[in-house]
Amino acid sequence: MAKIGKNIEQASEFLTQGELVGIPTETVYGLAGNGFNAEAVAKIFEVKNRPSFDPLILHTDSIEKIAQFVAEMPAQAKQLAEAFWPGPLTLLLPKSDKVPDIVTSGLDAVAVRIPNHPFTLELLSKLDFPLAAPSANPFSYISPTTAQHVNQHLGAKIPYILDGGNCRVGIESTIVGFPEGKATVFRKGGLSIEAIEKVIGKVEVLAHSSSKPQAPGMLAKHYAPKIPLIIGNIPELLAQEKGKTVGVISFRESYLGADNPLQFTLSASGDYAEAAQNLFASLRKLDELQPDIILAELLPEQNLGIAINDRLRRASVR
Ligand code: TXA
Ligand code: MG
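Criteria and cut-off values
Residues numbered from 1 in each chain as written. Chains lettered and ligands numbered in written order. Predicted model: local features only at pLDDT ≥ 70, side-chain atom pairs only at ≥ 80, totals over all residues. Heavy atoms only, no water. Phe/Tyr/Trp six-rings, centres within 6.5 Å; stacked < 30°, edge-to-face > 60°. Lys NZ or Arg CZ within 6 Å of the ring centre and 35° of its normal. Axes fitted to C-alpha atoms, helices over the stretch in contact; angles between N-to-C directions. Helix = DSSP H or I, 4+ residues; strand = E, 2+ residues; numbered from the N terminus. Parallel < 35°, antiparallel > 145°, perpendicular 65-115°, else oblique. Left-handed = near helix turned anticlockwise from the far one by under 90°. Contact = heavy atoms within 4.5 Å. Nonpolar A, V, L, I, M, F, W, Y, C, P; charged D, E, K, R; others polar. Buried < 20%, exposed > 50% of the residue type's maximum accessible area, 1.4 Å probe, protein only. Polar contact = N/O pair within 3.5 Å; in protein donor to acceptor, adjacent residues only side chain to side chain. 1 Å grid on protein atoms, 1.4 Å probe; cavity = no way out; pocket = protein on both sides within 12 Å on 5 of 7 lines; lining within 4 Å. Points joined across faces, edges and corners; volume = space filled by probe spheres on them. Domains from an automatic or database assignment. Core = buried A, V, L, I, M, F, W, Y, C linked by side-chain atoms within 4.5 Å.

Chemist: Is there a simple way to think about the packing of aromatic side chains in this case?
Modeler: One pair of aromatic rings is described through two measures. These are the centre distance and the angle between the planes. In the structure shown here, the tally under the stated rule is 3 aromatic pairs. Cation over ring: Lys226 sits above Tyr141, and NZ or CZ is 4.8 Å from the ring centre.

Chemist: Teacher, can you tell me more about the packing of helix 1 (residues 8-16) against helix 6 (residues 118-126) here?
Modeler: The geometry of a pair of packed helices is captured by two quantities: the angle between their axes and the separation between those axes. Contact geometry of helix 1 with helix 6 gives a least axis separation of 10 Å together with a crossing angle of 50°. With respect to helix 6, the element helix 1 is oriented oblique. When you trace helix 1 past helix 6, the crossing you get is right-handed. Contacts between helix 1 and helix 6 pair Ile8, Glu9, Ala11, Ser12 and Leu15 from the former with Phe119, Glu122, Leu123 and Lys126 from the latter. In terms of residue class, the contact of helix 1 with helix 6 is built from 5 nonpolar, 1 polar and 3 charged.

Chemist: Mind showing me how you'd approach the side chain of Asn151 here?
Modeler: Following the sequence through the fold, Asn151 ends up in helix 7 (residues 147-154). By relative accessible area, Asn151 is classed as buried at 13%. There is a polar contact of 3.2 Å between the side chain of Asn151 and the backbone nitrogen of Ala2. When neighbours within four sequence positions are excluded, Asn151 is seen to be in contact with Met1, Ala2, Ile4 and Ile161.

Chemist: What exactly am I supposed to notice about helix 2 (residues 38-48) here?
Modeler: The α-helix advances 3.6 residues per turn, and as a result positions three or four apart in sequence lie on the same side. Of all the positions in helix 2, only Ala40, Val41, Ile44, Phe45, Val47 and Lys48 are classed as buried. The inward-facing, buried residues of helix 2 contact strand 3 (30-34), helix 5 (101-104), strand 7 (131-132) and helix 7. Residue Asn37 occupies the N-cap position of helix 2, its side-chain oxygen lying 2.9 Å from the main-chain nitrogen of Glu39. Within two residues after helix 2, Asn49 carries a phi angle of roughly 60°, on the positive side.

Chemist: Would you explain empty space enclosed by the protein in this entry?
Modeler: Remark: the empty space left among the atoms is shown by a probe the size of a water molecule rolled over them. Counted according to the given criterion, the structure contains 2 cavities of 30 Å³ or more. Size it by volume and the second largest cavity reaches roughly 50 Å³. At the level of secondary structure, the elements contributing two or more residues to the lining of the second largest cavity comprise helix 8 (193-200) and helix 11 (305-315). Here the lining of the second largest cavity is built from residues that sort into 4 nonpolar, 4 polar and 2 charged. When residues of the lining of the second largest cavity are assigned to domains, at least three fall in each of domain 1 (3-205) and domain 2 (229-315).

Chemist: Any chance you could explain the nonpolar core here in plain terms?
Modeler: When a protein is soluble and globular, its nonpolar side chains tend to lie buried together. Among the nonpolar cores identified, the biggest contains 45 residues, and Leu80, Trp85, Leu91 and Val112 are the most heavily contacted of them. Those elements that place two or more of their residues in this core are helix 2, helix 4 (75-84), strand 5 (89-94), strand 6 (109-113), helix 7 and helix 8. With near-sequence residues (within four places) excluded, Val112 lies in contact with Ile57, Leu58, Ile66, Phe69, Val70, Trp85, Leu89, Thr90, Leu91 and Leu93. Membership of the second largest hydrophobic core comes to 28 residues, among which are Leu266, Leu279, Ile294 and Leu312.

Spelled out as structure tokens, the structure:
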């Protein structure tokens, strides 16, 4: 298993040597390596068992440093960067020659983000390279929101996990690109579309597709627990699945009773941010408790409910 600790110096040493380290961000934990070192980046794909056509995000700690790996920054990208970085926003921008092709899977655009976590910002400030980091989960499994989640599946393959506690946002960053100059959301995430539109006006939102995704991250099956998950009206599903051991993921209501260990209420007060924080840990716990089936209900399609529903729908794809 990996060593888990709060030693930023040690994390920095491993990364400088070309090793991989689990890092905390405000969204989910990342599996980080030197983004300018193609060998380190290749290790990321290997450890995650991730197909090489699915590109990675480069993380850094300042807009000035981004000039090294981005060829240009459209005006709307600048506005978003200034409004939301450090934070749960990733921008797709034309890449510079300094970025190895393996990072972008050969695409012309590179994904960049300044994450908002004090440990990782301090770590990045010590490094003279950006960190390529996907979420630190095996490909297509539930993203990790604690250092222990990372250790559970990837601990045997990496030397160190920087422990920054529970992720405050709990779902991945919102990805915005500018195909043909039009601001477009490629992945719904921890920054709401409403918040983005307040800064740059109306944006396009791409739906994910199972057959030929426009962005690899739009694969339909993702975030999937091993136990089958179905979405619907919980009281109706409970009647339909009578006789089975069921786990429930609901928004405010507790359908099995609040003290039932198989009942996970994302936010009793109906707070979207709290619901997002609890989502992945709840899915992981239910997967460990192994009911016959997981029943989940969708949240209202607004605010972070949009991104949470996207995760639930993809978790339900068999
Ligand atoms: O919150 C986050 O974004 C977390 C933390 C660790 O920063 N990272 C994360 O990385 O979720 P990952 O690799 O699990 O998801 C990034 C998504 C992938 O689905 C990938 O397909 C898409 O971003 N992506 C990366 N580079 C891209 C590019 N050049 N063009 C289109 N999509 C890209
Ligand atoms: Mg991921």
